[in-house]
Amino acid sequence: MKHRRVVITGVGCVTPLGSSVREVWGRLTDGRSGVGRLTLFDASRFPVQIAAEVKDWSIAEVGEDPARWQHHPRQTLFAVASGIRAVHDAGLNDGGTAKFDPLRFGVYLGCGETYQDWNQFAQMMAGSIEGEEFRPEKFTEQAVRLWQPQDEAELELNMPAAHLAARFNAQGPNANCIAACASSTTAIGESAAMIRCGEVDIMLAGGAHSMIHPFGISGFHRLSALSQRNNDPAHAVRPFDRDRDGFVVGEGAAMVVLESLEHAQRRGAEILAELTGYGSAQDAYRVTDAHPEGRGAASCMALALKDAALNPEQISYVNAHGTGTVLNDKIETLAIKRVFGDDAYHVPVSSTKSMLGHFTTAGGAIELVVGVMAIRTGVLPPTINYETADPECDLDYIPNVARERSCRHVLSNSFGFGGQNAALVVSRFDEHRRGMVAKRAA
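Residues numbered from 1 in each chain as written. Predicted model: local features only at pLDDT ≥ 70, side-chain atom pairs only at ≥ 80, totals over all residues. Heavy atoms only, no water.

**Q** What am I meant to see in the overall build of the protein chain here?
**A** Helix and strand counts for the protein chain come out as 14 helices and 16 strands. Over its C-alpha trace the protein chain gives a radius of gyration of 21 Å, about what one expects of a compact globule, namely 22 Å for 442 residues. Principal axes of the C-alpha set define a box for the protein chain whose edges measure 75 × 55 × 40 Å. In the protein chain, which comprises 442 residues, the share counted as buried stands at 58%. Look at the contacts in the protein chain between residues 6 or more apart in sequence, and 78% of them connect residues 24 or more apart. Surface accessibility of the protein chain: about 17600 Å² in total, with carbon and sulfur atoms responsible for 49%. (Helix = DSSP H or I, 4+ residues; strand = E, 2+ residues; numbered from the N terminus. Rg over C-alpha atoms; globule rule 2.2 N^0.38 Å. Buried < 20%, exposed > 50% of the residue type's maximum accessible area, 1.4 Å probe, protein only. Contact = heavy atoms within 4.5 Å. Areas by Shrake-Rupley, 256 points an atom, 1.4 Å probe, with all protein chains shown as cover.)

**Q** What am I meant to see in the pairing of strand S9 (residues 251–260) here?
**A** Side-chain positions along a regular strand alternate between the two faces of the sheet. Burial analysis of S9 places 10 of its 10 residues in the buried class, which makes it a mostly covered element. Here S9 shows no split at all, with Glu-251, Ala-253, Met-255, Val-257 and Glu-259 on one side and Gly-252, Ala-254, Val-256, Leu-258 and Ser-260 on the other all buried. Here strand S1 (residues 6–14) pairs with S9 via 8 bridges, running antiparallel. Within S9, the residue paired with Val-6 across the bridge is Ser-260. (Pairing = 2+ DSSP bridges.)

**Q** Would you mind showing me how to read the side chain of Arg-4 here?
**A** With respect to the helices and strands, the residue Arg-4 is situated in the segment before S1. Here the side chain of Arg-4 touches Val-200 through a polar contact of 2.3 Å, landing on its backbone oxygen. Polar side-chain contacts of Arg-4 include one of 3.4 Å to the side chain of Asp-201. Leave out the neighbours within four places in its chain, and Arg-4 touches Arg-104, Ile-195, Arg-196, Gly-198, Val-200, Asp-201, Ser-260 and Glu-262. (Polar contact = N/O pair within 3.5 Å; in protein donor to acceptor, adjacent residues only side chain to side chain.)

**Q** How should the confidence of the model for the protein chain be read in this particular structure?
**A** Keep in mind that low pLDDT regions are not for reading the predicted coordinates in detail. Model confidence for the protein chain is summarised by a mean pLDDT of 93, while 95% of its residues fall at 70 or above. Scored below 50 in pLDDT, residues 435–442 makes 12 contacts in the model with residues more than four places away or belonging to other chains. (pLDDT = per-residue confidence, 0-100.)

**Q** What exactly am I supposed to notice about the pattern of salt bridges here?
**A** Oppositely charged side chains may form a pair once their charged atoms are brought near each other. All chains considered together, the criterion is met by 24 salt bridges. Note that Arg-85 is salt-bridged to Glu-61, the shortest N-O span being 3.5 Å. With a gap of 24 residues between them, Arg-85 in helix H2 (residues 74–90) and Glu-61 in the loop between strand S3 (50–51) and H2 connect regions that are remote in the sequence. The class for Glu-61 is partly exposed, based on a relative accessible area of 42%. (Salt bridge = Lys/Arg side-chain N within 4 Å of Asp/Glu carboxyl O.)

**Q** Is there a simple way to explain the packing of helix H1 (residues 21–29) against helix H13 (residues 363–377) in this structure?
**A** Packed helices, taken two at a time, are described by the angle their axes make and the gap between the axes. The N-to-C vectors of H1 and H13 enclose an angle of 80°; their axes lie 11 Å apart at closest approach. In terms of axis orientation, H1 runs roughly perpendicular to H13. Contacts from Val-21, Trp-25 and Leu-28 in H1 reach Val-369, Val-370, Met-373, Ala-374 and Thr-377 in H13. (Axes fitted to C-alpha atoms, helices over the stretch in contact; angles between N-to-C directions. Parallel < 35°, antiparallel > 145°, perpendicular 65-115°, else oblique.)

**Q** Looking at this structure, I do not really get the side chain of Asp-390. What am I missing?
**A** Inspection of the secondary structure assignment puts Asp-390 in the loop between strand S13 (379–380) and strand S14 (403–404). Here the side chain of Asp-390 touches Glu-392 through a polar contact of 2.9 Å, landing on its backbone nitrogen. Those residues within four positions of Asp-390 in sequence are excluded, and the remaining contacts are Phe-240, Asp-241, Arg-242 and Arg-244.

**Q** Just to check I follow, could you spell out the pairing of strand S16 (residues 420–427) for this structure?
**A** Taken across its 8 residues, S16 has 7 buried, putting it largely inside the fold. Pairing of strand S10 (residues 273–282) with S16 involves 8 bridges; the strand directions are antiparallel. Residue pairing in the sheet places Ala-281 in a bridge with Asn-421 of S16. Taken together, the 7 bridges between strand S15 (residues 409–415) and S16 define a ladder with antiparallel strand orientation.

**Q** How should a nonpolar patch on the surface be read in this particular structure?
**A** Judged by side-chain polarity, Phe-121, Met-125, Ile-129, Phe-134 and Phe-215 come together as a nonpolar surface patch covering roughly 420 Å² of accessible area. The topology assignment puts Ile-129 in strand S5 (residues 129–130). (Patch = residues over 30% accessible without salt bridge, like charges linked within 9 Å, V, L, I, M, F, W, Y side chains within 5 Å.)

**Q** What is the right way to look at helix H6 (residues 159–168) in this model?
**A** The α-helix winds at 3.6 residues per turn, so residues separated by three or four positions along the chain end up facing the same way. The element H6 is largely enclosed, with a buried count of 7 among its 10 residues. Residues Met-159, Pro-160, Ala-161, His-163, Leu-164, Ala-165 and Phe-168 constitute the buried set of H6. Following H6 by one or two positions, Asn-169 has its phi on the positive side, about 55°.

Written out as structure tokens, the structure reads:
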């Protein structure tokens, strides 16, 4: 069976470092941190008081009326804005004329659980207390009175994908993936599989998430996953550093437009890069701990390389999952060594979570965009806050300062709670790269 090649023709994002890819890329390569004091709710009594928030941003930046979206969760706004930017970047509706068959245009996202109006929830809880006793029946009465039908609908995880499908008349497959922090990476990989087999011509794929709310922050804290460097937010996330103490919750979205090569060329689209490899694997171990030998992480990387028909030494750069937790960084380093062998010490690795924070379900999507930009600019973003070497993390992590390097193939890793692991390979587009496709199809 002949597999169609999958190319990337558009990218879009909303992040703590900006809402245009050019702006975000400039700040990443400058080593800027998007982490600061938490402002979305009062965290003064929380042990964790820092986050990487999207600030000074409005959906009006992409031409949408903010009043139309005021009752929607933050991640939906991020998703819609990122999708609009990606589709515009791809030139799919220039001049108001669609350049696709709606039935062959799908949407596949990785969006997680969300909450909308914390003030209303707090008021409902406060109004349900009599003396020192919580009265569930009073809470139910208030919920029936205050909760609107659209409020419930907009909490469903499929809604960002549904809004994007309606916005672009994308009548093809529409889905949302939940695989923890591997969600958007999986969504992008599965989207590519649909295009390869001929089911669709175009997929808008990526993810959006915001867990910067009391339940999200307290939940990750109870898992001992978050940094508590409250007095030094910009230096809190320190992946692979000996003194790392956890990640910082971020928020945002990123989208890519994936197309079959034939479809993109037929409409004269600019091709930004080619998605050449995808691998997915499970640790089958524990919910909160990665396998101590990096079993799932190594497997998904090896599968992605096999899918791309590449040897490890052909990878120019690895964008690591790199959360900054003690366990993740040690095991990811071990997994890279298992897959790359001696070449592990020669391939540059960095974690852009050191600057962006952890977008949870959407993390893989923004990191794939980072890979595309590394290929197009020949610059590799740094791992900031790397100060003290850890003997168990002894690879080249591009410490603190971006590096110029011709970049042909990038491996991007995403590992999630529950043991989900996924990896993507994105490559510089070469129109004559036929041998690789034939080998993969065989």
